[in-house]
Amino acid sequence: MAGGRPPRGIKERLRPAIGPALSFSDQAFCSICNFLTTVVLARALGLEAFGLYTMVWLAIYLAMNLQLGLIVSPMMSIGSKEDGAEADAYYTVVFIHQAAYVGAAAIAIFSILKFAAAGTALDGVALPGAASAAAYLTQDFLRRYLFARRRPAAALLIDIVNQGLKLGVLAALWHVGSISVAHALWAVAAAAAVSAGFGLFMSGPFLWKRKVFADVTRRQWHSARWLVLTGSVQWALSYSGLLVTAGLFGPRILGALRAAQSLLAVMNVVREALENVVPPLAGDAFAKAGLAGLRQTLARATGFALLIGISAVLGLSLFGPWLLHRIYGGEILEFDWLIGWYSLIVPLTLVNVVLGCAFRALERTRPLFLATLAAACFNLLAVYPAALVFGVAGLIAVTILSELTTLIVLAVLVARTSGLMSSGSRQRSPVAGGEPAGLRSP
């Protein structure tokens, strides 16, 4: 047939876009459902009880950040470079690491909620809190594992199960008037556990090779040693404002602030999509074409991040206050101005994700820690006095400036990586042998 074989050519051209499209759809679905979950909980529990629920999740988010640094982020970058039986053996070891981590995290969270929170308003939520942590961590790992193994449809399926069950049970509890902080935590745990069961069924193939266990563990740790520190610092950076809010202003103001943030959290669809899509693409591009391929991938991702981020600032500034009124009612009226200022964080965060993927593809993660540490030092020094003097407005200003600090440090470190910003340096693909120029940057 003249002109070649168009049907096959079209399919081949569309195939590389299917994975990112499914990933983006998955993140859109999860972000919308998480937003609806926040709305249901805030309306059903009231701002004060919702603030207490948020305090429990601060501990779970810390465990999640550590999991991302210790296990998930190295897996997303390293796994894309493995193939065949080597990949099966690699992921088998990662699963063992994950199982051990979940057990340790659940025990730690139970102990904190059982003993540190005894006699407080959080007394009695230790078991449901630990169960929520174990199920949530496992489900999130499995969805990211499925993305790493190029199975976005399976990841979407388990997220549909998780989010659908969670929203359905919480809505039913609200309808019958039986919702509480403990009941909400049990609902989240049950939904995530069922979803994780589906994820485990679709996992594999696995291949146990005892001789590679130590090698994989060392490689994971080499990439994770800075990422796990980065995760700890990022947690402090992200939630120090909420901790100060809880301490200075009480759970009601904390609940109101978290509810206002939830509208902005819809933008997590883009951030999470970048987290799931860019690291495997960047790792694959670097493995096949060296720094030139990595540079091209990062340039496209940065352009996309800026386009979405600037659009979010304009949209949320114009329509955010009106949406808050419509969704949360009169109890949130005094905080409607927050959304416009919070929106300034979106483009900064998205670009930071892309810049971080550059170093993760190079398996050099110390720059991520340095950038996060610089931002966290500023945040921890400024957040409390800013809250005392300027109230909630001070917290937001410190959050924006902290994210900007991360961006500046990452941009400087990327610029100092030879061959990553321009094509002037001689480089060789790692597949062809040898280490590309640029790996000796600071």
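For every chain, the first residue of the written sequence is number 1, and numbering continues from 1 onward in sequence order. The model is predicted, so local features are restricted to residues of pLDDT at least 70 and side-chain atom pairs to those at 80 or more, both for listing and for counting; the totals for chains, interfaces and linings are taken over all residues. For side-chain calculations, the full set of non-hydrogen atoms in the structure is used, while hydrogens and water are omitted.

The next point concerns the packing of aromatic side chains. Aromatic pairs are defined between Phe, Tyr and Trp rings, using the six-membered ring for Trp, whenever the two ring centres lie within 6.5 Å; interplanar angles under 30 degrees are classed as stacked, those over 60 as edge-to-face, and all others as tilted. Summed over the entire model, instances satisfying the criterion amount to 12 aromatic pairs. For the ring pair F50 and Y53, a centre distance of 6.3 Å and an interplane angle of 15° mean the geometry is stacked. Of the two residues, F50 and Y53 both sit in helix α2 (residues 47–78), three residues apart, roughly one turn of that helix. Here F50 and Y53 have matching classes, each one buried. For helices the rule is a DSSP run of H or I covering at least 4 residues; for strands it is a run of E covering at least 2, with both sets numbered from the N terminus onward. Categorising residues by exposure relies on relative accessible area from a 1.4 Å probe, with only protein chains included: less than 20% of the type maximum marks a residue as buried, more than 50% marks it as exposed, and the intermediate range marks it as partly exposed.

Turning our attention to the packing of helix α4 (residues 126–148) against helix α6 (residues 181–201). For any two helices packed against each other, the geometry comes down to the angle between their axes and how far apart the axes lie. The convention used is that axes are lines fitted to C-alpha atoms, helices contributing only their stretch in contact, and that angles between N-to-C directions extend from 0 to 180 degrees. Two elements in contact, α4 and α6, have axes whose closest approach is 8 Å; the angle formed by their N-to-C orientations is 30°. Here α6 runs roughly parallel to α4, going by the angle between their axes. As for how α4 packs across α6, the hand of that crossing is left-handed. Here α4 contributes L127, P128, G129, A131, S132, A135, Y136, T138, Q139 and L142 to the contact with α6, which in turn contributes A182, L185, W186, V188, A189, A192, A193, S195, A196, G199 and L200. Nonpolar residues are Ala, Val, Leu, Ile, Met, Phe, Trp, Tyr, Cys and Pro. Charged residues are Asp, Glu, Lys and Arg, and all others, Gly as well, are polar. When its residues are assigned to classes, the contact of α4 with α6 shows 15 nonpolar, six polar and no charged. Just so you know how the angles are binned, under 35 degrees is roughly parallel, over 145 roughly antiparallel, 65 to 115 roughly perpendicular, and the rest oblique. For any pair of crossing helices, the crossing counts as left-handed if the nearer helix is rotated counterclockwise from the farther one by less than a right angle, and right-handed if it is rotated clockwise. We call two residues in contact whenever any of their non-hydrogen atoms come within 4.5 Å of each other.

Take the side chain of D159 next. Relative to the helices and strands, D159 resides in helix α5 (residues 152–176). Overall, D159 belongs to the buried group, its relative accessible area being 1%. Pairs of N or O atoms are called polar contacts if they sit within 3.5 Å, as long as, within protein, a hydrogen donor faces a hydrogen acceptor (for residues adjacent in sequence, only side-chain-to-side-chain pairs). At 3.0 Å, the side chain of D159 forms a polar contact with the side chain of Q139. Those residues in contact with D159, other than ones at most four positions away along the chain, are D26, F29, C30, Q139, R143, G164 and S195.

So, about helix α12 (residues 366–390). Multiply 1.5 Å by the residue count of a helix minus one, and that product is the helix's expected span. Across its 25 residues, α12 extends 34 Å between first and last C-alpha, which sits within 8% of the 36 Å expected from 1.5 Å per residue. At A382, α12 is bent by approximately 35°, the largest bend along its length, and proline P385 sits one to four residues beyond. Residues of α12 that are buried: P367, L368, F369, A371, T372, A375, A376, N379, A382, V383, A386 and A387. In the segment just after α12, G391 is the residue with positive phi, at about 70°. Two axes define the bend at a residue: one fitted to the seven residues ending there, one fitted to the seven starting there, and the bend is the angle between them.

The subject of this paragraph is a nonpolar patch on the surface. The patches reported here contain residues having more than 30% relative accessible area and no salt bridge. Joining distances are 9 Å for like charges and 5 Å for nonpolar side chains (Val, Leu, Ile, Met, Phe, Trp, Tyr). Computed by Shrake-Rupley with a 1.4 Å probe, the accessible areas treat only the displayed protein chains as cover when residues are assessed. Salt bridges are defined by distance alone: a side-chain nitrogen of Lys or Arg within 4 Å of a carboxyl oxygen of Asp or Glu. Judged by side-chain polarity, L248, F249, Y384, L388, V389 and F390 come together as a nonpolar surface patch covering roughly 610 Å² of accessible area. Taken together, the elements giving at least two residues each to the nonpolar patch come down to α7 (210–249) and α12. Here the element with the most residues in the nonpolar patch is α12; it accounts for four residues. If you trace the backbone, L388 turns up in helix α12. L388 sits in the exposed class, given a relative accessible area of 52%.

We now examine the nonpolar core. Only buried residues count toward a nonpolar core, which is a set of Ala, Val, Leu, Ile, Met, Phe, Trp, Tyr and Cys residues joined through side-chain atoms within 4.5 Å. L41, Y53, M75, F141, L274, L294 and Y328 are the most contacted members of the largest nonpolar core, which totals 114 residues. No other element matches the 16 residues that helix α9 (residues 268–328) contributes to this core. Ignoring sequence-local partners within four residues, the contact set of Y53 consists of L41, L45, V181, A184, L185 and V188. Core analysis: the next-biggest nonpolar cluster, separate from the first, contains seven residues, A382, A386, L395 and V398 among them.

For every residue, the predictor assigns a confidence score, pLDDT, that lies between 0 and 100. Mean pLDDT over the protein: 80, with 86% of residues reaching 70 or higher. Taken as a whole, residues 424–442 scores under 50 in pLDDT and shows 47 contacts with residues more than four places along the chain or in a different chain.

Moving on, we get to the environment of K288. Take K288: it is sitting in helix α9. Taking C-alpha positions, K288 is 9.6 Å from K81, a pair spaced 207 residues apart along the chain.

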